[in-house]
Amino acid sequence: MGGVKSKRMPRAVRERQMLDAAVRTFGQRGYRAASMDEIAELAGVSKPLVYLYLNSKESLFTACIRREAKALTEAVRTGVRTELPADRQLWEGLQAFFTHTAENPDGWAVLHLQARTHGEPFAAEVAAMREELVAFVTELIAVAAREAHRDPSLEEGEVAGLGEALVGAAESLADWANATPDVTARQAAATLMNFAWAGLGNLMDGRPWSPPSGTDAPVPALT
């Protein structure tokens, strides 16, 4: 007499449950304070199974970083419609960024706080994601310069510096928005857009800000 065989959960589904639990635990408790026991309990599996699938606490944390980094970069890239003018592209990219970080606060905490403060190899994983975002934003700024001028006056180093500055501002603003009640992703994006695009617009129009004349040393170009 044969009984009904229970279906085994696919490995990919089980791993996703473990990673979901790990991201939540690491994001809320921190890497050092988080235990494999509580991650296993939250995921509804045994601790030996977590080790079997993901090897170690370090490997589990690395897997969380990679998954959350991939999700964030994909959200920003897919949120931008390249057929739109440059300012609209930047606006949509910022909205996608702030929407994703608001909807995934534990994942953002893993990326922006936990991974950066616990050394290698975690910091290197986040640095790779950040480089991709900076390169994407830098290209948007370069596109804006090409749209404004057939022969844009912005130096390559200056455009790269603007990309770094904009991503850094977005990271800080995401922390603030997630910690401040009633601040929406759209409001955060509009805040940064108002702060950044006015200055970028002046650059595109050939009206860059310059230090006051007098005893100030000249400001070297970014290289």
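Here the structure is a predicted model, which means the values were calculated and not measured. (Residues numbered from 1 in each chain as written. Predicted model: local features only at pLDDT ≥ 70, side-chain atom pairs only at ≥ 80, totals over all residues. Heavy atoms only, no water.)

### What about the overall build of the chain?
In step 1: Along the backbone of the chain there are nine helices and zero strands.
In step 2: Listed by position from the N terminus, the elements making up the chain come as α-α-α-α-α-α-α-α-α.
In step 3: By residue count, 40% of the 223 residues in the chain fall in the buried class.
In step 4: Sequence-distant contacts, at least 24 apart, represent 69% of the contacts inside the chain between residues at least 6 apart.
In step 5: Counting only carbon and sulfur atoms, one obtains 53% of the accessible surface of the chain, whose full area is about 13,100 Å². (Helix = DSSP H or I, 4+ residues; strand = E, 2+ residues; numbered from the N terminus. Buried < 20%, exposed > 50% of the residue type's maximum accessible area, 1.4 Å probe, protein only. Contact = heavy atoms within 4.5 Å. Areas by Shrake-Rupley, 256 points an atom, 1.4 Å probe, with all protein chains shown as cover.)

### Remarks on the packing of helix α3 (residues 47-54) against helix α4 (residues 57-78)
In step 1: Following both chains from N to C, one finds α3 and α4 inclined at 65°, their axes separated by 9 Å at the closest point. As the angle between them shows, α3 and α4 are arranged roughly perpendicular. With respect to the hand of their crossing, α3 and α4 are arranged in left-handed fashion. Packed against α3, whose contacting residues are Val50, Tyr51 and Leu54, the element α4 presents Lys57, Ser59, Leu60 and Ala63 at the interface. (Axes fitted to C-alpha atoms, helices over the stretch in contact; angles between N-to-C directions. Parallel < 35°, antiparallel > 145°, perpendicular 65-115°, else oblique. Left-handed = near helix turned anticlockwise from the far one by under 90°.)

### Side note on the packing of helix α1 (residues 11-29) against helix α6 (residues 105-114)
In step 1: The geometry of α1 relative to α6 is characterised by a closest axis approach of 8 Å and an angle of 55° between their N-to-C directions. Considering the angle they form, α1 stands oblique to α6. Classified by chirality, the crossing of α6 by α1 is left-handed. On the side of α1, the interface is formed by Val23, Arg24, Phe26, Gly27 and Gln28, while α6 contributes Asp106, Gly107, Ala109, Val110 and Gln114.
In step 2: For the contact of α1 with α6, the per-class residue count stands at four nonpolar, four polar and two charged. (Nonpolar A, V, L, I, M, F, W, Y, C, P; charged D, E, K, R; others polar.)

### Side note on the packing of aromatic side chains
In step 1: Counted according to the given criterion, the structure contains seven aromatic pairs.
In step 2: Ring plane angle 35° and centroid distance 5.8 Å describe the contact between Phe26 and Tyr31, whose orientation is recorded as tilted.
In step 3: You can call Tyr31 buried: its relative accessible area is 11%.
In step 4: Ring centres of Phe97 and Trp108 lie 5.5 Å apart, and the angle between their planes is 85°; on these two criteria the pair is classed as edge-to-face. Of this pair, Phe97 sits in helix α5 (residues 86-103) while Trp108 sits in helix α6, placing them eleven residues apart in sequence. (Phe/Tyr/Trp six-rings, centres within 6.5 Å; stacked < 30°, edge-to-face > 60°.)

### Details of unusual backbone geometry
In step 1: Within the chain, Asn55 stands out as a residue other than glycine whose phi angle is a positive 75°.
In step 2: Locating Asn55 in the fold gives a position in the loop between α3 and α4.

### Considering the environment of Gly163
In step 1: Structurally, Gly163 is set in helix α8 (residues 156-179).
In step 2: Assessed through its relative accessible area of 0%, Gly163 is described here as buried.
In step 3: Those residues in contact with Gly163 that lie beyond four places of it in its chain are Val134, Val137, Thr138 and Ile141.

### Comments concerning the confidence of the model for the chain
In step 1: Confidence in the prediction for the chain averages 84 pLDDT; 82% of positions are at 70 or higher.
In step 2: Per-residue pLDDT, averaged within each element of the chain, yields its smallest value for helix α9 (residues 185-204) (82) and its largest for α4 (95).
In step 3: Long-range and interchain partners of residues 219-223, a stretch whose pLDDT sits below 50, account for five contacts in this model, where long-range means more than four residues apart. (pLDDT = per-residue confidence, 0-100.)

### Things to note about the UniProt feature "DNA-binding region" (unreviewed entry) in the chain
In step 1: Taking the numbering used here, the UniProt-annotated feature "DNA-binding region" (unreviewed entry) corresponds to residues 35-54.
In step 2: Secondary structure within residues 35-54 divides into 80% helix and 0% strand; the distance between the first and last C-alpha atoms comes to 14 Å. (UniProt positions renumbered as here; feature names shortened; annotations may be inferred.)

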